[in-house]
Amino acid sequence: MAHVFTPKSETEAADIVRGLTAPVSIRGSGTRSGLGRTVDAEDALSTRGLDGISFYEPAEMMMSVRAGTPVSVVEQTLAAKGQMLPFEPADHRGVYGTEGEPTFGAVAACNISGPRRIQAGAARDSIVGLRFVNGRGEIIKSGGRVMKNVTGLDLVKLTCGSYGSLAVLTEITFKVLPRPERASTLVLEGLDDMDAVAVLTRAMGSAFEVSGAAYLPAHDGEPARTLLRLEGMASSVRDRMTALQTVLSSTASIRILDDDATAALWRDVRDGAFVAMPADNALWRVSVKPTQGPALIAALADIPLDRYFFDWSGGLVWLSVAPTGDAGAAPIRAAVSELGGHATLIRAPDHIRRSVDVFQPLPGALMKITSGIKQSSDPRRLLNPGVMYPGI
Amino acid sequence: MSAIAFPPVDAAIVARRPAILAGLAELVEPAGLISSEAEMRAYETDGLTAYRRMPLAVVLPATTEEVSRVMAFCHANGVKVVPRGAGTSLAGGAIAHEDAIILGVSRMSRVIEIDYPNRCMRVEAGITNLAITGAVSPDGFFYAPDPSSQLACTIAGNIGMNSGGAHCLKYGVTTNNLLGVKMVVIDGTVVEIGGGALDSPGLDLLGLIVGSEGQIGIVTEATVRILRSPEAVQPVLFGFDTSEEAGSCVAAIIESGIIPVAIEFMDKPAIEICEAYAKAGYPLDVGALLIVEVEGLASDIEAQLAKIVAIARLHNVRVVRESQSAMEAALIWKGRKSAFGATGRIADYICMDGTVPTSQLSYVLKRTGEIVASYGLRVANVFHAGDGNMHPLIMYNINDPEEQRKAEEAGNDILRLCVEVGGCLTGEHGVGIEKRDLMHHQFSDLDLAHQMRIRSVFDRSWLLNPAKVFPLESRHLETA
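As the structure is a prediction and not an experimental result, all values here were calculated from the model.

1. Remarks on the overall build of chain A
Then, in step 1: What chain A contains, in helices and strands, is 14 helices and 18 strands.
Then, in step 2: Taking 21 Å as the expected radius of gyration for a compact globule of 392 residues, we find that chain A reaches 21 Å, a close match to that expectation.
Then, in step 3: Along the first, second and third principal axes, the C-alpha set of chain A runs to 65 × 55 × 35 Å.
Then, in step 4: For chain A, buried positions account for 63% of its 392 residues.
Then, in step 5: For chain A, contacts bridging at least 24 residues in sequence account for 72% of all contacts bridging at least 6.
Then, in step 6: Of the roughly 13400 Å² that chain A leaves accessible, carbon and sulfur atoms contribute 50%.
Then, in step 7: Across chain A, the 40 positively charged side chains and the 42 negatively charged ones have centroids separated by 6 Å.

Below, the structure written as structure tokens:
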């Protein structure tokens, strides 16, 4: 019978890992358990019992939370002090059809980063300190609670985005940002892929500090929308919005969305809402150079592609593909090899998840390094074995 | 006399020097191998000039392929390798060793590709930090991290030490601005990680490489993110009676929700030293000075500055000087930017680099003054206040071994203090040899062992920059 370990403290987590005799899957609330390869483990270790904000100093723009702390608690606490998470982590409940409270530990472990990444960086850029239990059951810390820190190897970056394969996170310290007074979105209607990405990259190459750059192709009678978000002091957003339109000098029809409409729209971009349905379709997230977004779509003319959209100025392509055959794996990976970048299968029926590479396969030398790092951090292969690559 | 220990020299390697030189000569073109003592003199130290060691040889490859051949050769022959960019490390990160070659990337300094639509450029790793910005500034772009040594220091060294600079309060440090690298690992294998896309597949090896102080591999090419320069930039100078007032003003600015691109702090000794040298027009009757810089559209700047000046007034600011022209702005920065040079004219100094939570700035400044005074030495503080990265300059006479010892001990006391208040030993200079033996104060044995095991994945026999970062007496922990 599968057992879920739910330690209430870091020490207890370390004791549990030391005592393990078989591998465990590592989880928070399980709202993103479809992310990554399927893990061959009967039992699970949940960080949900490691709950609570352990440190918050608004004047330092720093917060520390235990790994099982709900993201919603973090966001509400920050909002009460006029602050926010810089990296806008996605909520995957819509994509996976799951329930429960997404935890901050999962955000860090999977480096979950949303639209503002193009301006403010990924989760790994804001996270400055970690405490974790490695596969030996040792409690390790890296980084601290200051932004500038080059003391020792940066295990913070290495561990963020390791999908629980190197460590059980226990506490995460991160930088936050002031919540902007105003957020507005410039919507340009009716552009095709190529023209849209030309607009997005020109906007990103401007000095107007665009904090969101996405493209939603025409769908269901609605025209294609090219989206540019500006945030900051109200007067500044107003002036930059004017200046941005002058620089773009586009003939497309233009609308400007207010704060509420902006918040709702970018939440959908963040969460991949436009491609969440139908729920049995396979979902891919492909990272390429922004200008290669349209080329990727053009290269996929022969796969059963239902819908797609661009975030990150064209550099992040979400694909919803009918779940037949390999769900487009071979042509997508071929196109990515040609264009540069990488593709991640973030949702698919189990038989496809088991038969295709979920993450982009690595060249031999990097796979050897990856394997060595796993071996040194978790020599008994107890933590989320196989979540990223087979045998790792 | 030197307080910082080096590992014993491997006599067998030194004895094989002629054969090693002959082997290296076959791998690089003649201009890439330096072996005479006179010519190697320039490579025996870096920015930590109190320590000098003559290398076995200096190799300056011209291509990644040459780096690969040299690394494979050293790996096969058990020769240690000390990577070097421009040798500006203040932490002794590039200091040589008698049984190690220096492997410098300074001859590899080309711009390979500039890609404005994707906001990135690819460069060879020996290019200087300033030359990266120089290549794109005519088109209105820049590379954000701007360490004080940016005229000389290379992107290779910046990657090794995760360099910052005055403007990282807004733009982050090297690790936040690097998209990819080509790197040669110790057995000569060339790996490519990342590139023009915002992230790369698999574990975040790029994040691990940045700040690894040349112990993981030799970076030969880098893809960096470039940004459009702001339309306008404006610094304002504030004078306060006390450091405490200046410190609480910094915290209040950050808490208000404004993020200036830079908040620089100077205490009274630093003001006096810099003013005597740079004639920047700094007020001499104040106890502390802040330079706060904001950027954006012209109208933006006005609004931001108005808010910042209002906050400063709440904290008893006594002198407010807003620059009215580019020349006045340059003058405000001139004093700050010449701080290290100006201090160097009146004394030898060691420059500390601890970072503390901004709420602790005032306390740490006060204690720093007390600590240095207790050793009978003088200190000037000039640093990046917005992110708590302190740079006390402890002045001493380099020819007086007793003073050098005192200066180092005072520095160590200050760094221990930084850790005690929740900060760290080094914000942007790196550990090198300088802070190596203080690592215990920040990390447990388990922490260090975990780091060393990860390091060993890349270099099992510890040939790459082995005397640096990890305390010599802790090396056994790795296998414990």
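2. Concerning the domain arrangement of chain A
Residues and elements named next belong to chain A.
Then, in step 1: Taken domain by domain, chain A consists of domain 1 (4–178), domain 2 (182–271) and domain 3 (273–355).
Then, in step 2: Look at where the C-alpha atoms of domain 1 and domain 3 centre, and you get two points 27 Å apart.
Then, in step 3: Facing the 15 residues of domain 1 at the interface are 10 residues of domain 3.
Then, in step 4: Summing both partners gives a buried area of about 1100 Å² for domain 1 against domain 3, and 53% of it is carried by carbon and sulfur.
Then, in step 5: Summed over the three residues of domain 1 that lose the most area to domain 3, namely Thr38, Val95 and Ile118, the buried surface amounts to 42% of that side.
Then, in step 6: Our enumeration of links across domain 1 and domain 3 arrives at zero salt bridges.
Then, in step 7: Of all elements in the fold, only α3 (93–96) and α5 (117–120) reach the threshold of two or more residues within the side of domain 1 that touches domain 3.
Then, in step 8: Sorting elements by how many residues they give to the side of domain 1 that touches domain 3 places α3 first, with three residues.

3. With respect to the packing of helix α14 (residues 364–377) of chain A against helix α17 (residues 445–458) of chain B
Working note: a packed helix pair is described by the angle between its axes plus the distance between those axes.
Then, in step 1: For the pair α14(A) and α17(B), interaxial distance at closest approach is 9 Å and the crossing angle is 155°. Judged by the inter-axis angle, α14(A) sits roughly antiparallel to α17(B). The hand of the α14(A)/α17(B) crossing is right-handed. Together, Ile369(A), Gly372(A), Ile373(A), Ser376(A) and Ser377(A) of α14(A) and His450(B), Arg453(B), Ile454(B), Val457(B) and Phe458(B) of α17(B) make up the contact between the two elements.
Then, in step 2: When its residues are assigned to classes, the contact of α14(A) with α17(B) shows five nonpolar, four polar and one charged.

4. Comments concerning the environment of Asn118(B)
Then, in step 1: By the element assignment, Asn118(B) lies in the loop between β5 (111–115) and β6 (120–124).
Then, in step 2: In sequence terms Asn118(B) and Gly196(B) are 78 residues apart; their C-alpha atoms lie 7.1 Å from each other.
Then, in step 3: With residues near it in sequence (within four places) discarded, Asn118(B) still touches Lys289(A), Pro290(A) and Thr291(A).
Then, in step 4: A polar atom in the side chain of Asn118(B) sits 2.7 Å from the side chain of Thr291(A).

5. Focus on the packing of aromatic side chains
Then, in step 1: Taken as a whole and assessed by the stated rule, the structure comprises 15 aromatic pairs over all chains.
Then, in step 2: Ring geometry for Phe104(A) against Phe174(A): centres 4.4 Å apart, planes inclined by 20°, an arrangement best described as stacked. Placement of the pair is Phe104(A) in helix α4 (residues 104–109) and Phe174(A) in strand β9 (residues 167–175), with a sequence separation of 70 residues. The residues Phe104(A) and Phe174(A) share a single accessibility class, namely buried.
Then, in step 3: An aromatic cluster of at least three residues, connected via ring pairs, comprises Phe87(A), Phe104(A) and Phe174(A).
Then, in step 4: The ring centre of Phe6(B) lies 4.2 Å from the NZ or CZ of Arg53(B), which sits over that ring.
Then, in step 5: Lying across the ring of Trp462(B), Arg455(B) places its NZ or CZ 3.8 Å from the centre.

6. Here we look at the environment of Pro466(B)
Residue and element names in this part refer to chain B.
Then, in step 1: Secondary-structure assignment places Pro466 in the segment after α17.
Then, in step 2: A relative accessible area of 11% places Pro466 in the buried class.
Then, in step 3: Residues Pro466 and Ala100 lie 366 residues apart in sequence; the distance between their C-alpha atoms is 9.5 Å.
Then, in step 4: Those residues in contact with Pro466 that lie beyond four places of it in its chain are Lys80, Val81, Gln215, Arg455 and Arg475.

About the cut-offs
- Residues numbered from 1 in each chain as written.
- Chains lettered and ligands numbered in written order.
- Predicted model: local features only at pLDDT ≥ 70, side-chain atom pairs only at ≥ 80, totals over all residues.
- Heavy atoms only, no water.
- Helix = DSSP H or I, 4+ residues; strand = E, 2+ residues; numbered from the N terminus.
- Rg over C-alpha atoms; globule rule 2.2 N^0.38 Å.
- Buried < 20%, exposed > 50% of the residue type's maximum accessible area, 1.4 Å probe, protein only.
- Contact = heavy atoms within 4.5 Å.
- Areas by Shrake-Rupley, 256 points an atom, 1.4 Å probe, with all protein chains shown as cover.
- Lys, Arg positive; Asp, Glu negative; His and termini not counted.
- Charge placed at Lys NZ, Arg CZ, Asp CG, Glu CD.
- Domains from an automatic or database assignment.
- Buried area = accessible area lost by both parts, 1.4 Å probe.
- Salt bridge = Lys/Arg side-chain N within 4 Å of Asp/Glu carboxyl O.
- Axes fitted to C-alpha atoms, helices over the stretch in contact; angles between N-to-C directions.
- Parallel < 35°, antiparallel > 145°, perpendicular 65-115°, else oblique.
- Left-handed = near helix turned anticlockwise from the far one by under 90°.
- Nonpolar A, V, L, I, M, F, W, Y, C, P; charged D, E, K, R; others polar.
- Polar contact = N/O pair within 3.5 Å; in protein donor to acceptor, adjacent residues only side chain to side chain.
- Phe/Tyr/Trp six-rings, centres within 6.5 Å; stacked < 30°, edge-to-face > 60°.
- Lys NZ or Arg CZ within 6 Å of the ring centre and 35° of its normal.

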